[in-house]
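Results of the structural survey
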Amino acid sequence: MAASAASGKVLPLLAVAAVLAAALLYAAPFSKSLGGEGCSLLPHDHFWIASERVVTLGRVGPAAVEVKGGLINAIAVGDYRSFVLRRPLVDYGDAVIMPGLIDVHAHLDEPGRAEWEGFSTGTRAAAAGGITTLVDMPLNSFPSTVSEETLKLKLDAARDKLYVDVGFWGGLVPENALSPSKLESLLNAGVLGLKSFMCPSGINDFPMTNSTHIEEGLVTLAKYKRPLLIHAERIPDVASDDELDDELDPRSYATYLKSRPATWEESAIRDLKRAMKDTEVGGRSEGAHLHIVHLSDAETTLDLLKDAKQSGARLSIETCPHYLAFSAEEVPDGDTRFKCSPPIRNAANKENLWGALLDGHLDMLSSDHSPSTPDLKLMEEGNFMKAWGGISSLQFVLPVTWSHGKKYGITLNQLVSWWSEKPAELAGQKNKGAILPGYHADIVVWKPEAQFHLDDSHAVYHKHRNISAYLGKELSGHVLSTFVRGNLVFAEGKHAGAACGVTILANSNNIRSTVFAREMKCSGTFDFLNIFIHSISTVSEFAEAQAPGTDPRVPAPTSVSGGKRRPPASTQTAMATTTASNLTLLLASTLPSRVRLPTRLLRAPRASPLRLSTAAASSGSRTLTSPASSETPEAAEELRLETESALEWGGVCARLADFASTAAGRAACAEGRVPVGRSREESERLLDQTAAAVALLSSLTPLDFGGVGDVSAVIAAAARGRLLAVREICGVGRSLRAARGVFEQLNGLAEEMPDGRYSPLVDILQDCDFLTELVQMIEFCLDSNLSMVLDQASDKLGTIRKERRMNIDVLESLLRDASTKIFQAGGVDSPLVTKRRSRMCVGVKASHKHLVPGGIVLSSSGSGATYFMEPRDAVQLNNTEVKLAGDERAEELAVLGLLTSRIADSRLKIRHLMGKILELDLACARGSYALQINGVRPAFSDRDNSTQLDPSSACSVFIEGIQHPLLLEQFRGIVKESDAEVGNGQLSEEVCVSAMPVPLDMRVKNDTRIVVISGPNTGGKTATMKTLGLASLMSKAGMFFPSKGRPRLPWFDQVLADIGDHQSLENSLSTFSGNISRLRKIVQVVSKDSLVLIDEIGSGTDPSEGVSLSTSILKYLASRLNLAIVTTHYADLSRLKSVDDRFENAAMEFCLETLKPTYRILWGSTGNSNALSIAKSIGFDQKILDRAQEWVEKLLPDKQKERQGLLYDSLRDERNLLESQANEAASVLSDVEGLYNEILSEADDLDNRVAALRAIESQKVQQELKFVKTQMDLIIKNFEVQLQNSKLEQYNSAMRKAEAATASLAASHQPTEFTFSDDENKSSYVPKIGDKVYVEGLGGGSTATVVEILSEDGSCIIQYGKIKARTKNNKMKLAQRDAKETSASSVQRKGRTAKRSPAEATQGASISFAPAVQTSKNTVDLRGLRVAEASHELQMAIDGCRSYQVLFIVHGMGTGAVKECALGILRSHPRVAKIEDESPLNYGCTVAYIE
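Basis of the calculations
- Numbers given for residues are sequential positions, taken from 1 along each chain in its written order.
- In keeping with the model being predicted, local features are shown solely for residues with a pLDDT of at least 70 and side-chain atom pairs are shown and tallied solely at 80 or more, while totals for entire chains, interfaces and linings include all residues.
- To obtain the side-chain values, all non-hydrogen atoms of the structure were included, while hydrogens and water were left out.
- For the exposure calls, accessible area comes from a 1.4 Å probe over protein chains only, and a residue counts as buried if that area is under 20% of its type's maximum, exposed if over 50%, partly exposed in between.
- Think of it this way: any DSSP run of H or I at least four residues long counts as a helix, any run of E at least two long counts as a strand, and we number them from the N terminus.
- DSSP-based pairing: two strands are paired if at least 2 bridges between them are found.
- Any N or O atom pair separated by 3.5 Å or less is treated as a polar contact, with the protein-specific requirement of one donor-capable and one acceptor-capable atom, and with residues adjacent in sequence counted only for side-chain atom pairs.
- A helix is expected to reach a length of 1.5 Å times the quantity of its residues less one.
- The contact rule is simple, with two residues in contact once any of their heavy atoms fall within 4.5 Å.
- Pairs of cysteine sulfur atoms within 2.5 Å are what we label disulfides.
- By convention in these notes, a salt bridge is any Lys or Arg side-chain nitrogen within 4 Å of a carboxyl oxygen on Asp or Glu.
- Only the stretch in contact is used when fitting a helix axis, every axis being a line fitted to C-alpha atoms; angles between N-to-C directions are given from 0 to 180 degrees.
- Comment on the angle field: the value is read as roughly parallel under 35 degrees, roughly antiparallel over 145, roughly perpendicular from 65 to 115, and oblique elsewhere.
- Only Asp, Glu, Lys and Arg are considered charged in this grouping, and only Ala, Val, Leu, Ile, Met, Phe, Trp, Tyr, Cys and Pro are considered nonpolar; every other residue, Gly among them, is considered polar.
- Side-chain rings of Phe, Tyr and Trp, where Trp is taken by its six-membered ring, are said to pair if the distance between their centres is within 6.5 Å; with planes under 30 degrees apart they count as stacked, over 60 as edge-to-face, and otherwise as tilted.
- A ring has a charge above it when a Lys NZ or an Arg CZ is no more than 6 Å from the ring centre and no more than 35 degrees off the ring normal.
- Crossings are sorted by hand: turned counterclockwise from the far helix by less than a right angle, the near helix makes the crossing left-handed, and turned clockwise it makes it right-handed.
- Values of pLDDT, the confidence the predictor places in each residue, fall between 0 and 100.

Brief notes about helix α5 (residues 180-189)
If you check which residues of α5 are buried, you get P180, L183, L186, L187 and A189. Looking one or two places after α5, you find G190, whose phi comes out positive at around 125°.

This is how it looks when you write it as structure tokens:
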């Protein structure tokens, strides 16, 4: 009570102190004076910004955001003023704080055309508009970004000029589209994706592509998981030059709109149909992503795209603010600032675009900022057909979107989705696009309500302000500040002094950032107040409570592509709540689950310390297959995966991947698909392969796997019937030839070494078919260097190509002459021969179209100033060229089809060969890894084979000096880094290199099943156990591990581990419950050859109960497994060795002088926890330790007495049980001996008894045969009478009746066997002495007599003749009691329903029914009746039938309701003894025997 009172007084005082501290901090005003020399206008690297409207976690409300080191470090959601925030704090009041905009479509035009825009002016305008990341388009600069070299020019031009982050798209053009190597070079250089045009781009070095180029480019992009952006306008094949009639006014916007109709967009999307299909799951380009830029047509084009999305295509769509802000009706004639392509369409189309955006059919927005110099816009001339197209808009996209979207009710969360989240995903920027801990601090602060007039007085930072179509407009939404990676780059109309933006590049695996920025010149540091929170509250998952100002209609943000949603923030974070504050501080999920705070805090995850686990440890390895119980396969699989994770098997597999030479080998290791022996023999084979690989690599002659590719996907595609491309077929050929080369190299090395040391490796490929004929065919038909079909592939192809070359020579000569004439006449600046729409043509100025009389206009330039025309004389030659090109392509496809078919036919052989190459690669990788870690080969021990000559044979586990392989490599890596730093003079005195892992000696005797390891905390018990477990897995997988000598250990079919804390709040499992649940599964699946590893068994509960339960579990496991290693702090478990030889003790050594563990194992010893010694070593108060020692001495005697009492009780109970079992065994032995003597005496007269029984049975058979003959004579006589009295058409009926009677007679004299139904076996029959019972197994209905009741086990002794037997109650049925026969209704004839009436029970088997001969009197016909009528008719017929008669029920041949009703009545009626279902002799009729 006193403590509570004191606490009640102290807590209010602490609260008052906190409030005063907060008041003092807020009282000191934060200086907002803006610097201007460095990367940031704010001279701090660590600060808070706050507002009443922060857009985060799908909500809008008050919050504060902590920025540290360029990243968002924490978010305080709610009433942040009640929390003592660390200064400095920038409070923006009610301004909106949201993620910076990401513009994925901008033209910055540098290098080569910096006079159009440039990196400096473009990024300054972006920062002023709230844009924090731009992705630059590959064209409009010079040269265009279509290669690795031109990308480097971009990077050089951007250096020290960026105020925001900038990434780059590459160009997909005909030059690189069909060359995977060129595309891969560009992608490897760092572009975030590719962009292509389906119509003329207006830039000479960026030509248009067709659908074939796009489809081939997507195949390459699929490997990199990057998007292809497409300008989707295509001149339809039916286009004519009517659209460009000279009579149309070029100053009229309607003229320009007519020149690029919506059908151009529609035609492009239709042409992309196959490409979009290829991106679906299972498609040729699965993993690639199509992105349609600046969609303008909201009619048919949008519908086609929506259908493609619904069909599963990986597709996203963007539109631009100018399509949402303007309509064609508003564009003044001659105002070329509004020219763009595709063009701005009518008002109805604009409304449809808004609807599609709000409904989610359009995914995102972009600016398509495409400036130029004012003279190219021809603003004075006003000629839409000649002016350069493009809207200059970079600085205004945020206010334009907000101003025009307000009337549609758009929300701030929708703005963030369109401008930040989805563009970030498209560009592959996983740490941008949201305000979340760990993300880049890219933030825009703006006031949506602020209105302004975009006139001459407004600051515009574009290179040319007068070309923007937005000048003179009234807009809402004023940008106050823009932060890029924590740097305040724009505020109050001022930019930072230095351009410190980052160029964003991508590599083949992930996105990496290369910073071209000056060092920050912000001076000074800020010493933050350390706040320690001691109050405790419960930990709960964050619920997205709506704060004031939150729009409840806005859903959680979702991703852009593939239909995948980004996980809600509530699933990524955990937080602590309190009723004392309205503040929510959001905590990262990586914090310990037991942390409890009085606030909610979401903080960026910190890098975890160096530890044993690796990223691959959590991979879903599927290699350690083990024979688990068939009843619990799921539990066994779950345990296997958890054991691999606990032992960090994935880390070993990941290290093995570093030594694999083939892509398939690296993938197999990375995914955990390392082969593991399913038997001891298979593991021995893997070890032999590793030993051979070690010998091979030791001779410095590694195998050359160059050229072997992963062709599994290609083979699967061929098997599915897809036509393979040239490069795919060549890849198969190269892989097959390379595989043969590996075999020949290995065979040559083996012949040089006649001792057979390499034979395990040679045997892998010995019987493989290298498909030499297929390789020769591929090389004869295809050129792998040029990726083309050779002329010699077929005679027809050679002829076609020869004719085509001749035709092209004539055509080009004709066009050169025509172009020269046009040039001489002034119709073109220089002679131009080119190709448009697959036809050769010449270029001519639009004003000199008459110089090509009768020519056909195929296309025009982007400005419309140049026509591309096909002269009249070239039409036939072009037609021939198109035909020959088509014939050539058809013949090439035929060749490719033949080769694809051959590959498909050989797919099994190819897969087998590639599987063997993978096996060889992994064997060599294991050898390389063994050399890396100085591994030695383990041997599998056998408990039964021990000799005096080899002391180690007395041990099932004998390993000297083993070191954990991952810890060993970790140590070597640290030492290597430290040596490098020492060499550079950078290693300070404070750097501490971790000690090398202590070698462990492990010796487990053959008769030991359980090893109990005790010792202090941090003494190495768990590491020792993990090391043995990992060594077991490695030996099964044929891997060597680092140790001395010749290690020996058993081959374990399963390795099962219970290591770590398995607490699960989701499944309501405490730490103890989680461990016990795991142990239960282990007990279920354990086998005689299993290794079980249990860490801290029985911990987490009452020690006495924990010891008892642990003892019981270990004793149970001792007889059911090969070996178990258990760690514990319970001394009682160590005493099991004294009473059970299967147990062994081990202890972790502890140095009492240094009070530190030595990490060495003392076998046969018992260790102490040394808790008091460890507490002393870390400086604990000695008075407390002395008091603790007194308690130890007081408690120890009582515990000893208690243990002695428990041990005595346990021994007494065990003695009583053994005595009871011995008495029972003696009784059973006496009974068996009596029965044996009785049977022995009866056996003397056995032959005479058998002869007598045979005579009796023979007499019965003769009698029954005589009866059957009489019945058959009667049937024949009746048949003859009917035959004489019947007409010819009644012959078949009489025949069927006679056959039915014969079949019935035969069936009634079949042998009868009796069985018991499951329901009868479950009956509660209680036998009594003297009961006559049917016994299952005696057969034929014979009865036995109950002579003795054995009540203790629910059985009794029955006598059958001279034989007595013991049987269970559920194997008997009562036949007679007290001389009165009972009903035997529980007995049924095997194979059909049989019932016995009381009368039949008394007469036994002598009852016989009337002959089964069908007459009109014993037949009831139910055909044509309804169910109710049929039921009534059948009931009447049964009731009216005489006893022991046969009734024929005709119900028809269907399976309808009448038949089912009739059968149901017959089976349940008490008078029906049995029924015979319809048969081939009795169609549509069931026979019933009536009692």
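Observations concerning the pairing of strand β15 (residues 443-453)
Of the pairings in the sheet, the one linking strand β5 (residues 96-99) to β15 comprises four bridges and is antiparallel in character. Residue pairing in the sheet places I97 in a bridge with V445 of β15. Relative to strand β16 (residues 474-484), β15 is paired through eight bridges, and the arrangement is antiparallel. In the sheet register, I443 faces β16, and the bridge partner there is F483.

Topic: the side chain of H46
Mapping H46 onto the fold places it in strand β1 (residues 46-56). With relative accessibility at 8%, the residue H46 sits in the buried group. There is a polar contact of 2.6 Å between the side chain of H46 and the side chain of E66.

Some words on helix α39 (residues 1457-1468)
An ideal rise of 1.5 Å per residue puts 16 Å on twelve residues; α39 measures up with 17 Å between its terminal C-alpha atoms. The elements touched by buried residues of α39 are α38 (1427-1440), β51 (1445-1450), β52 (1472-1476) and β53 (1485-1490).

Comments concerning the state of the cysteines
Inspection of the entire model under this criterion finds one disulfide. Between the sulfur atoms of C39 and its disulfide partner C500 the distance amounts to 1.8 Å. Judged by the torsion about the S-S bond (-65°), the C39/C500 disulfide is left-handed. Pair noted here: C39 is in the loop between α1 (2-27) and β1 and C500 is in the loop between β18 (494-495) and β19 (503-506), with a separation of 461 residues, a long-range link.

A look at the side chain of K154
One can find K154 in helix α3 (residues 148-158). The exposure class assigned to K154 is buried, which follows from its relative accessible area of 1%. Engagement of the side chain of K154 in a polar contact is seen with the backbone oxygen of E110, the distance being 3.2 Å. Of the polar contacts made by the side chain of K154, one reaches the side chain of S141; its length is 3.4 Å.

A few points about the pattern of salt bridges
Per the stated rule, a full pass over the model turns up 51 salt bridges. For K306, the salt bridge is made with D303, and the minimal N-O distance between the two is 3.9 Å. In this pair, K306 and D303 both sit in helix α10 (residues 300-310), three residues apart, roughly one turn of the helix. D303 sits in the partly exposed class, given a relative accessible area of 39%.

As for the sheet that holds strand β29 (residues 839-845)
Strand order across the open sheet formed by four strands is β28-β29-β31-β30, with antiparallel pairing between neighbours. Unpaired on one side and paired on the other, β28 (833-836) and β30 (856-860) mark the two borders of the sheet. Taken pair by pair, the neighbouring strands of this sheet meet at an average axis angle of 45°, ignoring direction. Relative to strand β31 (residues 866-870), β29 is paired through four bridges, and the arrangement is antiparallel. What sits directly across from G843, in β31, is F868. Helix α24 (residues 795-824) rests against β28 and β29 of the sheet, and its axis sits at about 5° to β29. Across the sheet, helix α25 (residues 875-905) lies against β29, β30 and β31, angled at about 140° from β29, the strand it touches most.

Observations regarding the environment of I504
Its place among the elements puts I504 in strand β19. You can call I504 buried: its relative accessible area is 1%. Between the C-alpha atom of I504 and that of A427, which follows or precedes it by 77 residues, the distance is 9.8 Å.

Looking at the packing of helix α17 (residues 649-657) against helix α26 (residues 907-932)
Where α17 contacts α26, the axes come no closer than 9 Å and their chain directions differ by 105°. One element, α17, and the other, α26, form an angle in the roughly perpendicular class. Every residue of α26 that contacts α17 at V652, R655 and L656 is listed here: A925, R926, Y929 and Q932. A breakdown of the residues in the contact of α17 with α26 according to their chemical character gives four nonpolar, one polar and two charged.

Brief notes about the sheet that holds β53
Consider a sheet: its strands pair through backbone hydrogen bonds, and that pairing is either parallel or antiparallel. Read from one edge to the other, the open sheet built from four strands follows the order β50-β51-β53-β52, with strand pairing classed as mixed. With one partner strand each, in any of the chains shown, β50 (1419-1421) and β52 form the two edges of the open sheet. If you compare each strand with its neighbour and ignore which way they point, the axes differ by 25° on average. Summarising the sheet, β52 and β53 pair through four bridges and their orientation is antiparallel. Counterpart to V1472 in the pairing with β53 is I1490.

Some points on the packing of aromatic side chains
Per the stated rule, a full pass over the model turns up 15 aromatic pairs. Aromatic side chains Y253 and F384 sit 5.4 Å apart centroid to centroid with 75° between the ring planes, which places their arrangement in the edge-to-face category. Of this pair, Y253 sits in helix α7 (residues 253-259) while F384 sits in the loop between β14 (364-365) and α13 (397-405), and the two are 131 residues apart along the sequence. The buried category is assigned to F384, whose relative accessible area is 0%. Above the face of the W1051 ring, K1036 is positioned so that its terminal group lies 5.1 Å from the ring centre. Above the ring of Y1116, the side-chain terminus of R1120 is found at 3.7 Å from the ring centroid.

Things to note about the packing of helix α20 (residues 712-720) against α26
Between α20 and α26, the shortest axis-to-axis distance is 10 Å and the interhelical angle comes to 165°. For the element pair α20 / α26, the angle class is roughly antiparallel. As α20 packs across α26, the resulting crossing turns out to be left-handed. Taking contact as the criterion, the partners of I715, A716 and A719 in α20 are, on α26, R907, I910 and R911. Residue classes in the contact of α20 with α26 are distributed as four nonpolar, no polar and two charged.

Comments concerning the confidence of the model for the chain
Here the chain averages 79 in pLDDT, and 77% of its residues register 70 or above. Taken as a whole, residues 981-995 scores under 50 in pLDDT and shows ten contacts with residues more than four places along the chain or in a different chain. Low pLDDT (under 50) marks residues 1379-1406, which in the prediction has 49 contacts with non-local residues, meaning those over four places away or in another chain.

Some details on the environment of Q1435
By the element assignment, Q1435 lies in helix α38. When the C-alpha atoms of Q1435 and A1462 are compared, they prove to be 9.4 Å apart, with 27 residues separating the residues in sequence. Apart from residues no more than four positions distant in its own chain, Q1435 is found in contact with I1465 and H1469.

A short note on unusual backbone geometry
A cis amide bond, omega 10°, links E110 with the succeeding residue P111. Even without a glycine there, the phi angle at N140 is positive, about 85°. Assignment of secondary structure puts N140 in the loop between β7 (131-136) and α3. At K225, a position not held by glycine, the phi torsion is positive, near 55°. You can see K225 is positioned in the loop between α6 (211-224) and β11 (227-231).

Overview of the environment of G864
Here G864 lies in the loop between β30 and β31. Overall, the relative accessible area of 19% leaves G864 in the buried class. Residues G864 and K386 lie 478 residues apart in sequence; the distance between their C-alpha atoms is 5.7 Å. Here G864 is in contact with M385 and A846, once residues within four sequence places are set aside.

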